[in-house]
Amino acid sequence: MKGDLNEHIDSLIEIVDSIPQNQISILVGSNGSGKSLIRKVLPNRVGKTSQTSMEQRTSSNPEWGALSSAMQDTAWCPTSSETLRKIDALFVEEVFTSRFIVLDEPEIGMGEETVMAVCELLNEKLKEASKLEEFKGVLIITHNRYLVENLFSQNFFSTDSPNMTKEEWLNREIIPINLDSLRENPLFKAVRDRLNKSKYD
């Protein structure tokens, strides 16, 4: 993430503007770097979205209508099982031909073997969906190296460094994040301050 938070917010806006419709894109970035922010503002540019995210996995989602009760984790089912149900619900023709799909960290709660199997499943569904003329597009947000390396995709974006390629991300040096800055959530505060400032300008 850039040191100047206003510059970083500008780079996040550029990513939102660069995510193409009718294609499959991957978005990566460290915790607190703005991935969820991109997910939340993306509908303003691409129109209606169907999303699976952590907040939707743990609470009711009115946008899903009758599906809202089926789109939650339950105490007696593994998270991986619920994620598979969500993927199946998203990749039906009436969804991916009418809405842009966002898969937020589909690997959550999965062991490595399950991630590999889900990657194969997603590749099947992504390749089939992308052949249709009405396909609206997919954004996959992930921290998982295996998914980044093996998922079928056409575009790659990083909230940590806008010009980083997929190969550079896979081969980057991994260093521990500053947990104090994560606790303080400086990006959230900078976005809030910028929004408040724009109200009075």
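Residues numbered from 1 in each chain as written. Predicted model: local features only at pLDDT ≥ 70, side-chain atom pairs only at ≥ 80, totals over all residues. Heavy atoms only, no water.

Another point: the side chain of Thr97. In this structure, Thr97 sits in the loop between α6 (93-96) and β3 (100-104). Polar side-chain contacts of Thr97 include one of 2.5 Å to the backbone oxygen of Glu93. Residues in contact with Thr97, not counting those within four places in the same chain, are Leu132, Glu134 and Lys136. (Helix = DSSP H or I, 4+ residues; strand = E, 2+ residues; numbered from the N terminus. Polar contact = N/O pair within 3.5 Å; in protein donor to acceptor, adjacent residues only side chain to side chain. Contact = heavy atoms within 4.5 Å.)

Moving on, we get to the pattern of salt bridges. Taken as a whole, this structure holds five salt bridges when the rule is applied. In this structure, Asp104 engages Arg39 in a salt bridge whose closest nitrogen and oxygen atoms are separated by 3.0 Å. Here Asp104 is found in strand β3, whereas its partner Arg39 is found in helix α2 (residues 35-41), with 65 residues between them in sequence. Look at Asp104 and you get buried, because its relative accessible area is 7%. (Salt bridge = Lys/Arg side-chain N within 4 Å of Asp/Glu carboxyl O. Buried < 20%, exposed > 50% of the residue type's maximum accessible area, 1.4 Å probe, protein only.)

Glancing now at a negative patch on the surface. Together, Glu93, Glu94, Glu133 and Glu134 make up a negatively charged patch on the protein surface. As for its placement among the helices and strands, Glu133 is situated in the loop between α7 (112-130) and β4 (138-141). (Patch = residues over 30% accessible without salt bridge, like charges linked within 9 Å, V, L, I, M, F, W, Y side chains within 5 Å. Areas by Shrake-Rupley, 256 points an atom, 1.4 Å probe, with all protein chains shown as cover. Lys, Arg positive; Asp, Glu negative; His and termini not counted. Charge placed at Lys NZ, Arg CZ, Asp CG, Glu CD.)

Before going further, it helps to spend a moment on the sheet that holds β4. Reading across from one edge, β2-β3-β4-β1-β5 is the order of the five strands in this open sheet, with parallel pairing throughout. Edge positions in the sheet fall to β2 (49-52) and β5 (155-158), since each has one partner strand and no second. Strand-to-strand twist across the sheet, computed as the mean angle between neighbouring axes with direction ignored, equals 15°. Direction of pairing for β3 relative to β4: parallel, over a ladder of four bridges. Across the sheet, Ile101 pairs through a bridge with Val138, a residue of β4. (Pairing = 2+ DSSP bridges. Axes fitted to C-alpha atoms, helices over the stretch in contact; angles between N-to-C directions.)

It is worth spelling out the packing of aromatic side chains at this point. Scanning all chains against the criterion turns up two aromatic pairs. Where Phe91 meets Phe96, the ring centres are 6.3 Å apart and the plane angle is 45°; that geometry is what we call tilted. Relative accessible area serves as the criterion here: at 8%, Phe91 is assigned to the buried category. Measuring from ring centre to ring centre gives 6.4 Å for Phe156 and Trp169, while their planes differ by 55°; the resulting arrangement is tilted. (Phe/Tyr/Trp six-rings, centres within 6.5 Å; stacked < 30°, edge-to-face > 60°.)

Turning next to the nonpolar core. Membership of the largest hydrophobic core comes to 27 residues, with the highest contact counts inside it found for Phe91, Ile101, Leu103, Leu122, Leu126, Val138 and Leu151. Going through the elements one at a time, β1 (24-28), α5 (79-90), α6, β3, α7, β4, α8 (145-150) and α9 (166-170) are the ones with two or more residues in this core. Broken down by element, the residue count for this core peaks at six residues, all from α7. The residues touching Leu151, leaving out its near neighbours within four places in the chain, are Ile26, Cys119, Leu122, Asn123, Leu126, Ile140 and Tyr146. Listed in part, the 17 residues of the second largest apolar core include Ile15, Val102, Leu139 and Ala190. (Core = buried A, V, L, I, M, F, W, Y, C linked by side-chain atoms within 4.5 Å.)

Everything listed is a geometric property; what it means functionally is a separate question.
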